[in-house]
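Observations on the three-dimensional arrangement
Each chain, written out:
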Amino acid sequence: MEPAQDDIAAATIILDQTVGIYRTAALAVAARAGVADHLDRPRTAAELADTTGMDAASLRRVMRMLASQGIFREDAQGLYHLTPAAVLLRSDASPSLRSAVIMFSEDYMWRSAGHLGDAVREGSSAFEQLYGKPFFEWLGTDPEAASTFHASMVGLSETGIEKVIDAYDFPATGTVVDVGGGRGSLLRAILERNRRLEGVLQDDRSALREHVLDTVQTAERWRLEEGSFFDTVPVGGDVYILKHIIHNWGDEQATAILRNCRSAMKTDARVLIIDPVLPDPGTPHFGWALDLVMLSTLTGKERTRQEFEKILNAAGLRIGTVLPVRTLGEYSIIEAVAA
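About the cut-offs
Residues numbered from 1 in each chain as written. Predicted model: local features only at pLDDT ≥ 70, side-chain atom pairs only at ≥ 80, totals over all residues. Heavy atoms only, no water. Buried < 20%, exposed > 50% of the residue type's maximum accessible area, 1.4 Å probe, protein only. Helix = DSSP H or I, 4+ residues; strand = E, 2+ residues; numbered from the N terminus. Pairing = 2+ DSSP bridges. Right-handed = clockwise from strand over helix to strand, strands pointing away. Axes fitted to C-alpha atoms, helices over the stretch in contact; angles between N-to-C directions. Parallel < 35°, antiparallel > 145°, perpendicular 65-115°, else oblique. Contact = heavy atoms within 4.5 Å. Nonpolar A, V, L, I, M, F, W, Y, C, P; charged D, E, K, R; others polar. Core = buried A, V, L, I, M, F, W, Y, C linked by side-chain atoms within 4.5 Å. Left-handed = near helix turned anticlockwise from the far one by under 90°. Salt bridge = Lys/Arg side-chain N within 4 Å of Asp/Glu carboxyl O.

1. Details of the pairing of strand β7 (residues 239–243)
Of all five residues making up β7, five are buried, and the element is well covered by its neighbours. Judged by which residues are buried, β7 turns out to be covered on both faces: Val239, Ile241 and Lys243 on one side and Tyr240 and Leu242 on the other are all buried. Bridge analysis of strand β4 (residues 174–179) against β7 gives three bridges, and the strand direction is parallel. Residue pairing across strands places Asp178 opposite Ile241, the latter belonging to β7. Taken together, the five bridges between β7 and strand β8 (residues 270–278) define a ladder with parallel strand orientation. Looking at the pairing, Tyr240 lines up with Val271 of β8. The handedness of the β7 to β8 crossover, carried by helix α15 (residues 251–264), is right-handed.

Below, the structure written as structure tokens:
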């Protein structure tokens, strides 16, 4: 008996999702080999294999699959071209997602994803079950993994910075505190756009060592503050930014971070959380998949507006407004004020 057309369509959806891991694996092969870096001109798979040390026939199979997804373009002569997506895989792109692709294809990420069922059964991080310690603690013991992770965070953070700044009306004067701000790319862009603002970049010593604020024209407008946001945050800020921070942590830890911000901020200051805000159930959104990354690897989660309200209220804050930002991953800016 021939399957009904609807059954074929349904089966196609399931099978397409099932083999999705191989699309991810192929993308990782291209990123690790630096294929996009070698496409200064259109090249064949054989030419790319020669420059990257790959087997030509096997690389062609990877490249033609990626071309079918619009990541590269294959012409009638078998030459591969860069596309706007492929440009983001170049190591010299600004921003570049090459390190992020590599990081998400590291063994510890593959293993954690493969043990997602354990996380669902136990209600705890699969990574912690596999490696015996929380992700960020483990990362501190592996310099190579830490280097790849931090490089990927830089690429992800720098993607769409201008759109974040465009979306929010920063005050003309005052102090912006970037809590857990890494190298300070976002804070630098804010200070360059708003010449009367001052800034404080808080993070641990290893992150601050590679900060980029020294390119801001007036050094007196910014300072560094080493420390953990679980202990304290800089006092007296007018705007506190938590970009890609809160979603890394469960409700108790996230509330502790926000409570520290509430204690340090001025009465009329604001806290900006830049994370996905999950939409209504069934609505396509990048955050649903990212939520499973959090479940399998960390102890955090992506949240709905109501879930953000819960942790903010527990910290003595309330939502003022939520601004969607049409940038990488469909993030939002959640502005919170004193309750």
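2. A few points about the pairing of strand β3 (residues 79–82)
Alignment of strand β1 (residues 43–44) against β3, held across two bridges, turns out to be antiparallel. Opposite Arg43, over in β3, you have Tyr80 as the bridge partner. Of the strand pairs in this sheet, strand β2 (residues 72–74) and β3 are connected by three bridges, and their pairing is antiparallel. For Glu74, the partnering residue across the bridge sits in β3 and is Tyr80.

3. What about the packing of helix α7 (residues 107–114) against helix α16 (residues 286–297)?
Two elements in contact, α7 and α16, have axes whose closest approach is 9 Å; the angle formed by their N-to-C orientations is 95°. As summarised for this structure, α7 and α16 are arranged roughly perpendicular, according to the angle between their axes. Contact residues: α7 offers Met109, Ser112 and Ala113, while α16 offers Val293, Ser296 and Thr297. Its residues placed into classes, the contact of α7 with α16 shows three nonpolar, three polar and no charged.

4. Examining the nonpolar core
Core analysis: the largest hydrophobic core is formed by 36 residues, its most contacted members being Tyr108, Phe170, Val176, Leu186, Ile190 and Ile241. Ranked by residues supplied to this core, first place goes to helix α13 (residues 185–193) with five residues. Leaving out residues up to four positions away in the same chain, Tyr108 has contacts with Met103, Phe127, Tyr131, Phe135, Trp138, Ala145 and Phe149.

5. Regarding the packing of helix α2 (residues 20–33) against helix α4 (residues 56–68)
Where α2 contacts α4, the two axes come as close as 10 Å, and the packing angle between them is 115°. Viewed along their axes, α2 and α4 adopt a mutual orientation that is roughly perpendicular. Taken as a pair, α2 and α4 cross one another with a handedness that is left-handed. Contact residues: α2 offers Tyr22, Arg23, Ala26, Leu27, Val29 and Ala30, while α4 offers Val62, Met65 and Leu66. Class assignment for the residues of the contact of α2 with α4 results in eight nonpolar, no polar and one charged.

6. Quick word on the pattern of salt bridges
In this structure the tally under the stated criterion is 15 salt bridges. Among the ionic pairs, Glu106 bridges to Arg32, the shortest N-O distance being 3.4 Å. With a gap of 74 residues between them, Glu106 in the loop between α6 (98–104) and α7 and Arg32 in helix α2 connect regions that are remote in the sequence. Residue Glu106 is classed as buried on the basis of its relative accessible area of 17%. On the basis of relative accessibility, which here comes to 41%, the residue Arg32 falls in the partly exposed class. In this structure, Lys266 engages Asp238 in a salt bridge whose closest nitrogen and oxygen atoms are separated by 3.3 Å. Of this pair, Lys266 sits in the loop between α15 and β8 while Asp238 sits in the loop between β6 (222–226) and β7, and the two are 28 residues apart along the sequence. Judged by its relative accessible area of 17%, Asp238 is buried. Three or more residues are tied together by salt bridges with common partners; here these are Glu162, Asp166 and Arg193.

Spatial relationships are all this shows, so hold off on functional conclusions.
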